[in-house]
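Report on the structure
Listed here are the chains, written in short residue letters.
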Amino acid sequence: MSEWTLAYDHFDPEEEGLREALTSTGNGYFCTRGSFSWADADGVHYPGTYMHGGYNRETTIMAGAPVLNEDLVNLPNWLVLDLRIEGEGAVGLGNVELLSYRHEYDLRNAVLKRHLRFRDRAGRDTTLRTRRFVSMENKHLAAMEWEIMPENWSGRVDLVVALDGRVMNSGVARYRQLEGRHVNPSSSNSPRPDTIGLRARTRQSRIYVAQAARTRIYGPGGEMEPERSLYQVEDYVHQVLTFGVEEGSPVRAEKMVTFYSSRDTAIYEPLANAQKSVGRFGTFDEALQRHEQAWEELWNVCDVRIPGDERVQFLLRFHISHILQVCSPHTADLDAGVPARGLNGEAYRGHIFWDELYIYPFLNFRLPEVTREFLMYRYRRLEEARAAAVEAGFRGAMYPWQSGSDGQEETQTVHLNPKSGLWEPDLSHNQRHVNAAIFYNIWHYYKATGDTEFLVEHGAEMMLEITRFWASIAHFNPDRDRYEIHGIMGPDEFHEKYPGSDEEGLRNNAYTNVMVAWIFETCGELLELLPGRTRNALLAKTGLTDGEFQTWQEMSRKMFVPFHEDSEGNNVISQFEGFEDLEELDWEAYKERYGNIQRLDRILRAEGDTPDRYKLAKQADTLMLFFLFEEEELRRIFDRLGYVYDPETARRNIGYYSARTTHGSTLSFIVHAHVLAGIDSEASWEMFLTALESDIGDIQGGTTQEGIHLGVMAGTLDLIQRGYLGTEIRDGTLHFAPRQTERLDGLSLPLRFRETPVEVALEGGELRVAASPERPGQTLKVSVNGEVAELGTEKRHTFDLPGAGSA
């Protein structure tokens, strides 16, 4: 493994699914798993191609009842390329002897490479080198190259080049009882001798997807003219290219593929455009050069450099590479949300959750146009959120826990427990805190970018309607003189209701209630920010009255937050009301019995028990408050609410909940690493390293092959940026408060703050900040540990870091 290369030097069928996910290639429009081009879905391999917005809804009859699910569709397989020697069967790992093998993923350029030497049953030794990429320069292009070299033989070979629409969604074992057919055939053709085309249509959503493939063969003397034969049916088309090869003389095949859908703009018809454009591309190397240049431009604005730790450096770049495969400038032209598991697998059925909360901080400072588009995905579904609120008996906008094509609630009503093999009720649609996350994301996007146009035209309306929802779901308790929220779930997810209760949800989740108090207060700041005419127009559009607004301001001071005493008699924030009445779990007994207890909920339910009975958490819940808010802001929120926030509040709560958290979601490692950064640097760094290794090491035992965890990948970068560098925006000033300065010595990274490019470097007990204003008179205020500098004419400033050098 080099600085920019993830490599495997042997084939391992048990690991192949994971490697396919980790070596996928994409461009922010579509993405393809790193499977062998000759592979079928067979339990070892799983070819898969997915695009933003490519959803389809199907019904499964389970126990006589219809269960409706919407999935991100596995689209036609454009990879297919088979080699046949002297008319024999297609070469595959099952019928040859591997003499050497190498599988590489180039992080810098998102290029997948394989190098195989094999011996067939006739004793013929052959070297096969392959390269492929999904173009970052042209979002519709993908390209493959095979170099075939006979080592001890000469003869004739057949190359089978295909586009295969006979695909299903079957990449997640626990979903296989659900309907997996999402694509219907439409047509296939061969418009030119070197080109084949395929068009398919999703069954319910009626999205047309088209691919065209142009294949050419090159020998030592240049382009060759192979014999070509064609086979086609509606859902499959292939060409067989036959040509001679000579011992020791390599021959190259180039397969250039274009990908279009009916969701695209400025097209005539998907297949017509795919066939037209594939004929215009040059060679593989020419396309690769343009692709590499596009990636270089992205690295110039997205790289994070930590020269002092090779492993950390490699993994951060690995994560950046995967983020950009899903969230690139191409994405800014789409109607797309950010799927929690990226675009290289079918886990979570490709849905959009609250994980964007962990992803946007990285994008806001580098590719804000992509964050803007993801927020526009929410805005375009505002009417659906309003309708959902009304249907549930509330006002305003209630966004779903799981979102897909049109913004309706996509959370399953049942889910399969792989520990017990039973289908169990799924109550996670009660995670209304996703609405607080969306509000938070809009506000922090604005703070990072100063994008007033977005705030005025789109963001403010969403924020007000989300606030209205929270005001309507809350109710006043006169006995407490406080507002309360009942019937919801927090981020924990293990607790869906009270033990023995038939009623869904919990009372007064602390994280939610504090977030809601902050939301009510922030709405006041939002309205003050808007110009008078704009504000009046917004108030008229939303129907917000002075009386309603005044109620929000009262609620910002009167939301109820539950507390209880820990074993030492100290007050801690209760995750929800009644948490203190739950039983303590025998943690050591369960660790001894099961080893990995991250998914303790499945273990308990398989035993006939329920996590609802115990003081435990799947992931950070209450601690999210210390993750999203700096301590001074959180103290101010609590003061406004009339609750005590003393110097030990953070430490007490972090200690209490850390001991009761299973980290069943890898997002939990991000939050714990962040909140521990100022309390226990060693423990924080250990959590950070665990999060870094979580996908590449598949620490959850098989989940990564179903799709990478995009929130965790972006979260590790946010840890560097916000958790350890202490990046924060207050009153229009860019603040830094560096931690882990010894481990991060040499750190440098680019940011873009309100249209101003900024370079930040941490080295030798100093923090250097250099700004490159792009408009005359533009200035930037920067603060480091209380020292403020204004960068304008003086475009750089060096801050001394007192006490730097300690971890």
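Residues numbered from 1 in each chain as written. Predicted model: local features only at pLDDT ≥ 70, side-chain atom pairs only at ≥ 80, totals over all residues. Heavy atoms only, no water.

1. Notes on the overall build of the protein
- Secondary structure assignment for the protein yields 20 helices and 34 strands.
- A compact globule built from 807 residues should have a C-alpha radius of gyration of about 28 Å, and the protein, at 28 Å, falls within 12% of that.
- Seen along its three principal axes, the alpha-carbon backbone of the protein occupies a region of about 90 × 70 × 60 Å.
- Counting over 807 residues, the protein shows a buried share of 62%.
- Residue pairs in contact within the protein that sit at least 24 positions apart in sequence constitute 68% of those at least 6 positions apart. (Helix = DSSP H or I, 4+ residues; strand = E, 2+ residues; numbered from the N terminus. Rg over C-alpha atoms; globule rule 2.2 N^0.38 Å. Buried < 20%, exposed > 50% of the residue type's maximum accessible area, 1.4 Å probe, protein only. Contact = heavy atoms within 4.5 Å.)

2. Details of the sheet that holds strand β29 (residues 747-753)
- Spatial ordering of the open sheet is given by β29-β30-β31-β34, a layout of four strands whose pairing is antiparallel. Of all the strands in the sheet, the pair left with one neighbour each is β29 and β34 (796-800). Going across the sheet, the axis of each strand differs from the next one's by a mean of 20°, ignoring polarity.
- Sheet topology note: the β29/strand β30 (residues 756-763) ladder contains seven bridges and is antiparallel. (Pairing = 2+ DSSP bridges. Axes fitted to C-alpha atoms, helices over the stretch in contact; angles between N-to-C directions.)

3. Looking at the packing of aromatic side chains
- Applying the stated criterion to the full structure yields 40 aromatic pairs.
- On the basis of an interplanar angle of 55° and a centroid distance of 5.0 Å, the ring pair of F476 and Y483 is categorised as tilted.
- Each ring, one from W518 and one from F629, has its centre 5.4 Å from the other, and the planes form 65°; the classification is edge-to-face. With W518 in helix α10 (residues 510-529) and F629 in the loop between α15 (624-628) and α16 (631-641), the pair connects residues that are 111 residues apart, well separated along the chain. (Phe/Tyr/Trp six-rings, centres within 6.5 Å; stacked < 30°, edge-to-face > 60°.)

4. Brief notes about the pairing of strand β12 (residues 155-164)
- Within β12, nine of the 10 residues are buried, which leaves it mostly tucked inside the rest of the structure.
- Bridging between strand β7 (residues 81-85) and β12 involves five bridges; their strand directions are antiparallel. For I85, the partnering residue across the bridge sits in β12 and is V157.

5. Observations regarding the side chain of H52
- Looking at where H52 falls in the secondary structure, it is placed in the loop between β4 (49-51) and β5 (55-62).
- A residue is classified by how much of its surface remains accessible, and H52, at 4% relative accessible area, is buried.
- Filtering out sequence-adjacent residues up to four positions away, H52 remains in contact with G28, Y29, R263, V326, T331, L334, A336, G337, P339, L343 and F374.

6. Describing the sheet that holds strand β3 (residues 30-32)
- Taken in spatial order, the three strands make up an open sheet running β2-β3-β4, and their pairing is antiparallel. Looking at the sheet topology across the chains shown, the edges are occupied by β2 (25-26) and β4.
- Where β3 lies against β4, three bridges are found, and the strand directions are antiparallel. Each residue of the ladder has a partner; that of C31, found in β4, is Y50.

7. Considerations on α10
- Taking 1.5 Å of rise per residue, 20 residues should cover 28 Å, and α10 covers 29 Å from first to last C-alpha, within 8% of that figure.
- For α10, the buried fraction is high: 17 of the 20 residues fall into the buried class. (Expected span 1.5 Å × (residues − 1).)

8. Quick word on helix α8 (residues 433-449)
- Between its first and last C-alpha atoms α8 spans 24 Å; for 17 residues at 1.5 Å apiece the expected length is 24 Å, and the two agree.
- The buried count for α8 comes to 16 of 17 residues, which makes it a mostly enclosed element.
- Immediately beyond the C-terminal end of α8, within one or two residues, lies G450, with a positive phi of roughly 65°.

9. Quick word on the packing of α8 against α10
- Following both chains from N to C, one finds α8 and α10 inclined at 40°, their axes separated by 10 Å at the closest point. For α8 against α10, the interelement crossing comes out left-handed. On the side of α8, the interface is formed by H433, A436, F439, Y440, W443, H444 and Y446, while α10 contributes Y511, T512, M515, W518, I519, T522, C523, E525, L526 and L529. (Left-handed = near helix turned anticlockwise from the far one by under 90°.)

10. Section: the environment of V760
- Summarising the element assignment, V760 is placed in strand β30.
- Put simply, V760 and P750 are 10 residues apart on the chain and 6.3 Å apart in space, counted from C-alpha to C-alpha.
- Residues contacting V760, with those up to four places away along its chain left out, are L725, F736, L747, S748, L749, L751, L767 and R768.

11. Overview of the pattern of salt bridges
- Under the counting rule described, the total for this entry stands at 65 salt bridges.
- Of the charged contacts in the structure, one is a salt bridge between R181 and E179, with a shortest N-O distance of 3.0 Å.
- A salt bridge links R305 to E759, with the shortest nitrogen-to-oxygen separation between them at 3.4 Å. Note that R305 is positioned in the loop between α3 (284-302) and α4 (310-326) and E759 in strand β30, a separation of 454 residues in sequence.
- The class for R305 is partly exposed, based on a relative accessible area of 26%.
- Looking at E759, the relative accessible area reads 36%, which means it is partly exposed.
- One network of salt bridges, in which partners are shared, links E383, R386, R395, E461, E465, R468, K541 and E548. (Salt bridge = Lys/Arg side-chain N within 4 Å of Asp/Glu carboxyl O.)

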